[in-house]
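Observations on the model geometry
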Amino acid sequence: MIKENLTPTEVTSDLYDFRNKLNEYLEGKMEDFRFKPYRVARGVYEQRKSGTYMIRTRIVAGEVSLEQLKEIVRLADNYASKNVHLTTRQDVQLHDVRLEDTAEVIEGLLEVGILTKGTGGNTPRNVVASPLSGVSSDEVFDVTPYARLVTRHFLTDPSSFNLPRKYKIAFSNSEKDTANALVADLGFIAVIRESDKSESGYEKGFIVYGGGGLGNNPSCGIKLKDFVPVSEVLYYAEAMKRFFEAEGDRTNKNKARIRHILIRLGEEKFTELFEKKLQEVKEDKQFDLKVLENNDNNDQQIDAAAAQVTATQVDTKSTDEKEELLIKQKQPGYYSVYLHPENGNISTTDLKDLIDFLESIDDSADIRISNTQGLYVRNLRKDDAVGLLKIFKELIYPYKIDNSIACAGASTCKLGLCLSQNLLKSIKEKFENVNPFIKSQLPRAYISGCPNSCGQHQIGKLAFSGIARRTKDGLVPTYVVHFNGKVGTKNPKLAQKYGEIPAKKLPKFLLNLARLKYNNGNRWEFEKFVQENETEVTELIEKYSVIEPYDENPDLYYDVGATELFSIEGRSPGECSLGIMEVIRTDIENARENLEQNYLYEASISAARALLVLRGIDTNKDREIFKAFVDHFVKEGYLKADIEDLTGILLDYKLGDISSLEAYQEDIKYLVKKVEDMYGSLNPKLEITLPKEDDEESDKDGSSGSSGDGSRASSSKDNIQDNIQDNIDGEGYEIVDLRGVKCPMNFAKVKVSLSTKEPGDVVGFYLDQGEPMDNVPKSVEGEGHTIKEIKEFDGYSLLVIEKAE
Ligand code: SF4
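Overview of the structure. These numbers come from a predicted model, not from an experiment.

Each value, and the rule that gives it
Residues numbered from 1 in each chain as written. Predicted model: local features only at pLDDT ≥ 70, side-chain atom pairs only at ≥ 80, totals over all residues. Heavy atoms only, no water. Pairing = 2+ DSSP bridges. Helix = DSSP H or I, 4+ residues; strand = E, 2+ residues; numbered from the N terminus. Contact = heavy atoms within 4.5 Å. Axes fitted to C-alpha atoms, helices over the stretch in contact; angles between N-to-C directions. 1 Å grid on protein atoms, 1.4 Å probe; cavity = no way out; pocket = protein on both sides within 12 Å on 5 of 7 lines; lining within 4 Å. Points joined across faces, edges and corners; volume = space filled by probe spheres on them. Buried < 20%, exposed > 50% of the residue type's maximum accessible area, 1.4 Å probe, protein only. Patch = residues over 30% accessible without salt bridge, like charges linked within 9 Å, V, L, I, M, F, W, Y side chains within 5 Å. Areas by Shrake-Rupley, 256 points an atom, 1.4 Å probe, with all protein chains shown as cover. Salt bridge = Lys/Arg side-chain N within 4 Å of Asp/Glu carboxyl O. Lys, Arg positive; Asp, Glu negative; His and termini not counted. Charge placed at Lys NZ, Arg CZ, Asp CG, Glu CD. Polar contact = N/O pair within 3.5 Å; in protein donor to acceptor, adjacent residues only side chain to side chain. Core = buried A, V, L, I, M, F, W, Y, C linked by side-chain atoms within 4.5 Å. Parallel < 35°, antiparallel > 145°, perpendicular 65-115°, else oblique. Left-handed = near helix turned anticlockwise from the far one by under 90°. Nonpolar A, V, L, I, M, F, W, Y, C, P; charged D, E, K, R; others polar. Expected span 1.5 Å × (residues − 1). Phe/Tyr/Trp six-rings, centres within 6.5 Å; stacked < 30°, edge-to-face > 60°. Lys NZ or Arg CZ within 6 Å of the ring centre and 35° of its normal.

A few words now on the sheet that holds strand β19 (residues 474–483). With respect to topology, five strands assemble into an open sheet ordered β16-β17-β18-β19-β20, the strand pairing being mixed. Among the strands making up the open sheet, the edge pair consists of β16 (405–406) and β20 (496–502). Sheet analysis places strand β18 (residues 462–471) next to β19, joined by ten bridges and oriented antiparallel. Across the sheet, arginine 470 pairs through a bridge with leucine 475, a residue of β19. Helix-sheet contacts for helix α15 (residues 506–520) involve β18, β19 and β20, and the interaxial angle to β18 is about 140 degrees. In the packing of helix α17 (residues 534–545) onto the sheet, contacts are made with β19 and β20, and the angle to β20 comes to roughly 30 degrees.

This is how it looks when you write it as structure tokens:
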């Protein structure tokens, strides 16, 4: 089988440049707000504890070689926490890395062909695949080559690093959907159909789903096609990317994913527009599919076992809640074994033992990171598999509840509310000496430390998501209880909420749930048990949901494993300024890349739009973009005056009145460069500090001509007049209505509004509750203004701000 080169030169050289940027930052030559989006796009995230960083790698389809694993272990020992974290996206993460060491780690990974680029930021993320693909006895065919193919395609396409948000792709090797394709932005599920074109009488293909996803507004994907030949995989992946670029909401990070387009457009329109993009890609692309052809030859077409499997014959039922420890492969005489380190954290000592073991046996066993925070050791002869079971018995559990999943949670994650990993530890302890008949009643639990879904609680049969419950005695760490989520092509569904239970009571609740099932529903699979015993299950939840006052039960006010009273201090929701930086950066990088490819119009429109967010302007209409650009930047004197004429020429080109922009290439390069310079000159208050190019022109047009960015005030004022009402409650200040304005645009509008005021002036802003009220007050305070008052109304708030000196 041909293995794709997954480390294109352009990406590796970008990553080798990380050291230079890091040094610039460490030497104070690059500001924090500029460095942050740069490092995140290269997989370097700040952890909750200040000064510590996490590095996320791209492990395509979970395939990791022994050589790569050795290097990961070396890096974890020398620069990280001596633990390697296995994620639910088949990635590996190193935690507790010092910022100074991040370049060393990135370069070490590069030496063994592991990339970190695109493991954060707005780009196609690690492409996942069923972890037993290639060996599973009930698979349709091995989908791993397609995961590699798609990865390679996007890594070599610079535009894929500037999407409205992340783009997740999954390949499942059967309709059981073990890669969770049903909840991916684009999901492929292997199927075969009869065909007289092939010798085997069958043709390989995929059912394709789109618009699925977990997190806020979760959804199962909709079926885009019943059967897509494998040769069309790249056309679908590329079409979804273009569709996302065209329809994705770049102004609101929380509504930017592909599933939000589905919600906004509805299924019919979504499918229609996706189809259009697909046709467009088919017309202008000719993908080289040699890798697939070679793979097909080496793969001896579809093997006999797979040929027996058709779309309707797959049994997606799970039989009980016990694990199969020796997993029989489709290759006779070979087995896989699943290792599940608690919370996905495997020590480097265990990994070294595993490496030694694999080097000591004759066979070519391989390792696949699973999407359940564990790993499979595959292609073992029976004796070796049994030997592995004995050596690693601390990591191999026969009960699914021991193989549960918990996200990073509030111990390291900046968004975390509850200590999800401590909860899992405590659940496991609770069940340690419990009768096996009781223990085997529960399925794997999926635990997220906040309503985001990194613990994948929305697909768990048994799942929990952390919240902070406010009581008169203080905050209580609490989990929402969810049941019966499932993927797979047969009736996929998201888990339903059944109630809330304080963190400290959860382990005991679970034990009693297992007992209830043993007594009432032992013969049923868990999902059916919950359905058939809904009243008793709900009553049990209600019993455990009670929050006693602090005097009566102080323990409830501490999170599991915590010694201090529960609080959400240190939690940092998205910061508005950083959100704005991301919006700008995306457009500028698009402009630069389009320019490199000589797409002159596209480069111009991206550049012209990039900085409009600073003026509170959000439009996708080309004419409005160019007009606003001229008003706010050309007439302000940041660019030479005749760029106004260029925008007219660009519109003529768009309308087809002129056929080429070649003659204007230099002016367009200048436009892009100037926008980059303005971006580069932004200070932490997001003010342009670039000296103006043409003060004379600025004066002529009635602009203030003042230095720095103060001149924007008058021209921006018109944009917000619509929002200004007279003081409605007689307090003597203006009120700007920003209800319905999304993050980070609302913050941009607050900034524009305040820029028209004098120090000490007071302005009120109506903002929607939820994300706007989570983010804007913090960002406003971060700029030194004073929050005088917050009034709560039904669904919105009034934020009253006094402008800083
Ligand atoms: S689910 Fe919440 S707490 Fe857990 S890792 Fe994701 S953002 Fe953090």
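Turning to empty space enclosed by the protein, a few remarks are in order. Overall, the coordinates contain one cavity of 30 Å³ or more when judged by the stated rule. Of the volumes computed, that of the largest cavity is approximately 50 Å³.

Our next topic: unusual backbone geometry. Here asparagine 484, not a glycine, exhibits a phi torsion of approximately 65 degrees, which is positive. The topology assignment puts asparagine 484 in the loop between β19 and β20. Phi is positive for asparagine 491, which is not a glycine, with a value near 50 degrees. Relative to the elements of secondary structure, asparagine 491 occurs in the loop between β19 and β20. Classification of asparagine 491 by relative accessible area gives exposed; the value is 60%.

Turning our eyes to something else, we now look at the environment of lysine 621. If you trace the backbone, lysine 621 turns up in the loop between α19 (600–610) and α20 (622–634). Relative accessible area serves as the criterion here: at 55%, lysine 621 is assigned to the exposed category. Separated by twelve residues in the primary sequence, lysine 621 and arginine 609 place their C-alpha atoms 9.8 Å from one another.

For a regular strand, side-chain orientation follows a simple rule: the groups alternate between the two sheet faces. Two elements, strand β17 (residues 445–448) and β18, share four bridges in a ladder whose sense is parallel. Along β18, the bridge assignment pairs serine 448 with serine 465. Joining the antiparallel neighbours β18 and β19 is a turn of two residues.

Once that is clear, we can look at a positive patch on the surface. Taken together, the side chains of Lys430, Lys508, Arg515 and Lys543 make up a positively charged region of the molecular surface. Mapped onto the secondary structure, arginine 515 falls in helix α15. With relative accessibility at 39%, the residue arginine 515 sits in the partly exposed group.

Moving on, we come to the side chain of glutamine 441. In this structure, glutamine 441 sits in the loop between α14 (436–439) and β17. There is a polar contact of 3.0 Å between the side chain of glutamine 441 and the side chain of lysine 517.

Core analysis: the largest hydrophobic core is formed by 63 residues, its most contacted members being Ile584 and Leu639. With sequence-adjacent residues up to four places away left out, leucine 639 is seen in contact with Phe629, Phe633, Val634, Tyr670, Leu671, Lys674, Met678 and Glu693. Counting 57 residues, the second largest nonpolar core, distinct from the first, contains Ile55, Ala80, Leu86 and Leu380.

Now for the pairing of β17. Because side chains alternate across β17, one face comprises the buried residues Ala445 and Ile447, and the other comprises Tyr446 and Ser448, equally buried. Bridge count between β16 and β17: two bridges; the pairing is parallel. The residue of β17 that forms the bridge with isoleucine 405 is tyrosine 446.

Attention now goes to the packing of α15 against α17. Look at α15 against α17: their axes get within 11 Å of each other, and the N-to-C directions meet at 160 degrees. In terms of orientation, α15 lies roughly antiparallel with respect to α17. Of the two possible hands of crossing, α15 and α17 adopt the one that is right-handed. For the pair α15 and α17, the contacting residues are Lys508, Phe509, Asn512, Leu513, Leu516 and Asn520 in the first and Glu536, Val537, Leu540, Ile541 and Tyr544 in the second. Residue composition of the contact of α15 with α17, grouped by class: seven nonpolar, two polar and two charged.

In this structure the tally under the stated criterion is 54 salt bridges. In this structure, aspartate 587 and arginine 609 form a salt bridge, with 2.7 Å as the shortest nitrogen-oxygen distance. Within this pair, whereas aspartate 587 is found in helix α18 (residues 576–596), its partner arginine 609 is found in helix α19, the two being separated by 22 residues in sequence. A salt bridge links glutamate 666 to lysine 669, with the shortest nitrogen-to-oxygen separation between them at 3.6 Å. Pair noted here: glutamate 666 and lysine 669 are both in helix α22 (residues 665–680), with a separation of three residues, about one helical turn. A relative accessible area of 53% places glutamate 666 in the exposed class. Relative accessible area serves as the criterion here: at 38%, lysine 669 is assigned to the partly exposed category.

Take helix α7 (residues 233–247) next. Across its 15 residues, α7 extends 21 Å between first and last C-alpha, which sits within 8% of the 21 Å expected from 1.5 Å per residue. With twelve of 15 residues buried, α7 lies mostly within the body of the structure. Along α7, the positions that sit buried rather than exposed are Val233, Leu234, Tyr235, Tyr236, Ala237, Glu238, Ala239, Met240, Lys241, Arg242, Phe243 and Phe244. The inward-facing, buried residues of α7 abut α6 (144–155), β7 (169–172), β8 (186–194), β9 (202–210), β10 (222–229) and α8 (258–284).

Let's shift gears to the packing of aromatic side chains. All told, the structure shown has 30 aromatic pairs when counted by the stated rule. A ring pair is formed by phenylalanine 188 and phenylalanine 206, whose centres lie 5.4 Å apart and whose planes are at 75 degrees; its orientation type is edge-to-face. Taken as a pair, phenylalanine 188 in strand β8 and phenylalanine 206 in strand β9 lie far apart in primary sequence, 18 residues in all. Each member of the pair phenylalanine 188 and phenylalanine 206 is classed as buried. Ring geometry for phenylalanine 483 against phenylalanine 526: centres 5.8 Å apart, planes inclined by 65 degrees, an arrangement best described as edge-to-face. You can see phenylalanine 483 sitting in strand β19 and its partner phenylalanine 526 sitting in helix α16 (residues 526–532), a full 43 residues away along the chain. For the pair phenylalanine 483 and phenylalanine 526, one class covers both residues: buried. Over the aromatic face of tyrosine 670 sits the side chain of lysine 640, whose NZ or CZ is 4.5 Å from the ring centroid. The cationic tip of arginine 739 hangs over the ring face of tyrosine 766; the distance from NZ or CZ to the ring centre is 4.7 Å.

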